[in-house]
Amino acid sequence: MTVCPTGASYKRDDGIVLVDQEKCIGCNLCAWACPYGARELDQAAGTMKKCTLCVDRIYNEALPEPERQPACVLACPTHARFFGDLDDPSSQVAQISAERGGFGLLEDMGYRPVNRYLPPRVPKVAAVAAPRSPPVSGEASTRVPGTPLAALLALAARLIGG
Ligand code: SF4
Ligand code: SF4
């Protein structure tokens, strides 16, 4: 926000950063300064756009409480996104982050992002590809040596074939 010459980019008391579209002059300085590439100039409007954390949803008391979440959290088909108060250690997001080693991007450069990313789980295909007991004498082996993809394809073939 310090690079913004007009005060259009501002931080609310709850920590959410927004761009006042009435004040923004589209100078692009904040996009150059943002190390996360989180800002995008709207060429048609001539103003800066960014994630609003769906501020109109998360405080909307007309919505049932479970729906007061960002649209991307609700829409994600694999539930890969979570929303909540990281500063509250009893919150779901704080607990998941602590349990699974959540980390912030570019923290080693001195930034203090409020987003956390979870390291990937061990792919299930790795378990499929793990070595198994050798087949009983005379029984054809169904194990395909090689890559996890080969093992996955072999599993799929077995499932399709019944
Ligand atoms: S593009 Fe808008 S929000 Fe960004 S620095 Fe310029 S005036 Fe501020
Ligand atoms: S849907 Fe997600 S990324 Fe888009 S504005 Fe809402 S919180 Fe931000």
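The structure contained in this document is the topic of the report that follows. Note that the structure is a prediction, hence the values are computed from the model and not measured.

1. Some remarks on the overall build of the protein chain
Working step 1: Summing up its helical and strand segments, the protein chain has six helices and four strands in all.
Working step 2: Put simply, the protein chain runs from its N terminus to its C terminus through helices and strands in the order β-β-α-β-β-α-α-α-α-α.
Working step 3: For the protein chain, with 162 residues in total, the buried portion stands at 4%.

2. As for the site of ligand 2
Working step 1: Contacts to ligand 2 come from Cys51, Thr52, Leu53, Cys54, Pro70, Ala71 and Cys72.
Working step 2: Taken together, the residues of the shell around ligand 2 sort by class into six nonpolar, one polar and no charged.

3. Regarding the environment of Ala71
Working step 1: Counting through the fold element by element, Ala71 comes out in helix 3 (residues 71–75).
Working step 2: Exposure remark for Ala71: the 12 C-beta atoms within 10 Å place this residue in the exposed category.
Working step 3: Along the backbone, Ala71 and Leu53 are 18 residues apart, and their C-alpha atoms lie at a distance of 8.7 Å.
Working step 4: With residues near it in sequence (within four places) discarded, Ala71 still touches Cys54 and Arg57.

4. Here we look at unusual backbone geometry
Working step 1: Of note in this structure, His79 is not a glycine but carries a positive phi near 55°.
Working step 2: By the element assignment, His79 lies in the loop between helix 3 and helix 4 (92–100).
Working step 3: Despite not being glycine, Leu106 shows a phi value in the positive range, around 65°.
Working step 4: Mapped onto the secondary structure, Leu106 falls in the loop between helix 4 and helix 5 (124–128).

5. Things to note about the site of ligand 1
Working step 1: Surveying the vicinity of ligand 1 reveals 14 residues, the closest of which are Cys4, Cys24, Cys27, Cys30 and Met48.
Working step 2: Its residues placed into classes, the shell around ligand 1 shows 10 nonpolar, four polar and no charged.

The rules we used
- Residues numbered from 1 in each chain as written.
- Chains lettered and ligands numbered in written order.
- Predicted model: local features only at pLDDT ≥ 70, side-chain atom pairs only at ≥ 80, totals over all residues.
- Helix = DSSP H or I, 4+ residues; strand = E, 2+ residues; numbered from the N terminus.
- Buried ≥ 20, exposed ≤ 12 C-beta atoms within 10 Å, placed from the backbone.
- Near = placed C-beta within 6 Å.
- Nonpolar A, V, L, I, M, F, W, Y, C, P; charged D, E, K, R; others polar.
- Contact = placed C-beta atoms within 7 Å.

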